[in-house]
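Listed below are the residues making up each chain.
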Amino acid sequence: MADWKDVGRAVARVAPVLAGVLGGPVGAVAGAAGALAASWLGTEAEPQAVQAALAADPQALIRLKELELAQQERLLAWQEKQLAAETEFERSLTERHNADAASDSWLSKNVRPLCLLVFTLALVGGTFAPQVDGGKLDALAELGFGVYGYYFLGRSAFDKGAVRLRFGRGGGGQ
């Protein structure tokens, strides 16, 4: 199932400002930009409809570039909102991590390593336990890799969208 970020990736070469707004962290702003793009193309305000219009008509990308030029001030203001929200999120997350590290509580200082240990034990145990359903083990493995990635790669890879988890074999969840 497509989302506005997928549409943003599809138009990034032609309309980078529009793509940045569509792919940004604030869903309401991305949705407004997506609705604007959809109305410009004459489709429903759904990511799948916009992607279908882009696939069906090679001129649709040119029309989106025209949209970007015509609505540049609005798109730049939306992009500024996206960046402000992302900066605030990063700041609050850093404050939370710093508060955990400065805390006198043993648990708050060790919650991330404990999660890593619990997921590792659950994965090893689930691998060798014959009564565990394969789908549940796959979901646990995906979640465990998210924990491993957050712990070892750092949160920036997840926050910037470089790592995306898709639960289950079908990749239905995000």
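To be clear, the structure that these remarks concern was listed above.
Analysis parameters
Residues numbered from 1 in each chain as written. Predicted model: local features only at pLDDT ≥ 70, side-chain atom pairs only at ≥ 80, totals over all residues. Heavy atoms only, no water. Axes fitted to C-alpha atoms, helices over the stretch in contact; angles between N-to-C directions. Helix = DSSP H or I, 4+ residues; strand = E, 2+ residues; numbered from the N terminus. Parallel < 35°, antiparallel > 145°, perpendicular 65-115°, else oblique. Left-handed = near helix turned anticlockwise from the far one by under 90°. Contact = heavy atoms within 4.5 Å. Nonpolar A, V, L, I, M, F, W, Y, C, P; charged D, E, K, R; others polar.

**Remarks on the packing of helix α7 (residues 106–128) against helix α8 (residues 134–152)**
Right, on to step 1. Running from N to C, α7 and α8 point in directions that differ by 150°, and their axes come no closer than 10 Å. When the interaxial angle is binned, α7 and α8 end up roughly antiparallel. Pair α7 / α8 crosses with left-handed handedness. Across from Arg112, Pro113, Cys115, Leu116, Phe119, Thr120, Ala122, Leu123, Gly126 and Thr127 in α7, the residues of α8 making contact are Leu137, Leu140, Ala141, Leu143, Gly144, Val147, Tyr148, Tyr150, Tyr151 and Phe152.
Right, on to step 2. Partitioning the contact of α7 with α8 into residue classes produces 15 nonpolar, four polar and one charged.

**Quick notes on the environment of Val17**
Right, on to step 1. Here Val17 is to be found in helix α2 (residues 16–22).
Right, on to step 2. With 61 residues separating them along the chain, Val17 and Trp78 place their C-alpha atoms 9.7 Å apart.
Right, on to step 3. Ignoring any residue separated from it by four or fewer positions in sequence, one finds Val17 in contact with Glu68, Leu75, Leu76 and Gln79.

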